Amino acid sequence: LTALALEERNFEAVQKANELFGFGPTPGSWGSTMIERGMSVDEMRRVLLQEVAHWGYAVHVITHADELQAEELTQFSNWLSLRYGTPGISQFIYETGLKRSAHPETIRGLEKLMEQAADPIPPDEMP
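Residues numbered from 1 in each chain as written. Predicted model: local features only at pLDDT ≥ 70, side-chain atom pairs only at ≥ 80, totals over all residues. Heavy atoms only, no water.

**Here's the deal with the nonpolar core**
Formed by 19 residues in total, the largest nonpolar core has its most connected members in W55, I62, F76, L80, Y84, Y94 and L110. Taken together, the elements giving at least two residues each to this core come down to α4 (41–62), α5 (70–84), α6 (89–101) and α7 (104–116). The element contributing the most residues to this core is α4, with six residues. With residues up to four places along the chain from it excluded, the contact list for L80 reads A58, I62, G85, L110, L113 and M114. (Core = buried A, V, L, I, M, F, W, Y, C linked by side-chain atoms within 4.5 Å. Buried < 20%, exposed > 50% of the residue type's maximum accessible area, 1.4 Å probe, protein only. Helix = DSSP H or I, 4+ residues; strand = E, 2+ residues; numbered from the N terminus. Contact = heavy atoms within 4.5 Å.)

The following block contains the structure:
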């Protein structure tokens, strides 16, 4: 769905429809914050579409985490930790909205999995 939404012609058509119906970032929203910090409306919408898709994937896998093999669980935990546990747009969206609006079991599951993630190698210790 994200690939379809981000395909240039589809993206442009949706953006035109949004503009025709008055859809835009509301003050204090993630979108308005991104624009205030220097992103274009086009860039902001593309990023938010990707973030929504990643969050949907994370929620789906979290609900089935007990079915993952050990290797899959490790990789997924590391991915969650990198995505939502380190500074960046994903962490910003998680901390300022998703953490408050998602089901509490989802958040507990996500944070439990992030705690299980391997600690990244500090830059000064990289080969």
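**Remarks on α7**
Relative to the 18 Å expected for 13 residues at 1.5 Å per residue, α7 spans 19 Å between its end C-alpha atoms, a close match to the ideal helical length. Looking at α7, one finds that the buried residues are T106, I107, G109, L110, L113 and M114. For α7, the angular spread of buried residues about the axis comes to 165°, placing them on one side. Along α7, the residues that are exposed and aim more than 90 degrees away from the buried face are K112 and E115. Lining the buried residues of α7 we find α4, α5 and α6. (Expected span 1.5 Å × (residues − 1). Arc of directions from axis to C-beta.)

**So, the environment of Q91**
Position of Q91 among the secondary structure elements: in helix α6. Beyond its immediate sequence surroundings of up to four residues, Q91 is in contact with R83, Y84, G85 and T86.

**With respect to α5**
Over its 15 residues, α5 runs 21 Å from end to end, which matches the ideal 21 Å to within 8%, given 1.5 Å per residue. Where α5 is concerned, the buried positions are F76, S77, L80, S81, R83 and Y84. Against α4, α6 and α7 lie the buried residues of α5.

**Structural notes on the packing of α5 against α7**
Running from amino to carboxyl end, α5 crosses α7 at an angle of 105°, the nearest separation of the two axes being 8 Å. Taken together, α5 and α7 sit at an angle that is classed as roughly perpendicular. Together, L73, F76, S77, L80, S81 and Y84 of α5 and L110, L113, M114 and Q116 of α7 make up the contact between the two elements. Partitioned by chemical class, the residues of the contact of α5 with α7 number seven nonpolar, three polar and no charged. (Axes fitted to C-alpha atoms, helices over the stretch in contact; angles between N-to-C directions. Parallel < 35°, antiparallel > 145°, perpendicular 65-115°, else oblique. Nonpolar A, V, L, I, M, F, W, Y, C, P; charged D, E, K, R; others polar.)

**Concerning the packing of aromatic side chains**
Tallying each qualifying case throughout the model produces seven aromatic pairs. With 6.0 Å between their ring centres and 80° between their planes, Y57 and F76 make a pair best called edge-to-face. Of the two residues, Y57 sits in helix α4 while F76 sits in helix α5, which places them 19 residues apart along the sequence. By relative accessible area, Y57 is classed as partly exposed at 45%. A relative accessible area of 4% places F76 in the buried class. Between the aromatic rings of Y57 and W79, the centroid separation amounts to 5.3 Å while the plane-to-plane angle is 80°, which identifies the pairing as edge-to-face. Within this pair, whereas Y57 is found in helix α4, its partner W79 is found in helix α5, the two being separated by 22 residues in sequence. Grouping aromatic residues by their ring pairs yields a cluster made of W55, Y57, F76, W79, Y84 and Y94. (Phe/Tyr/Trp six-rings, centres within 6.5 Å; stacked < 30°, edge-to-face > 60°.)

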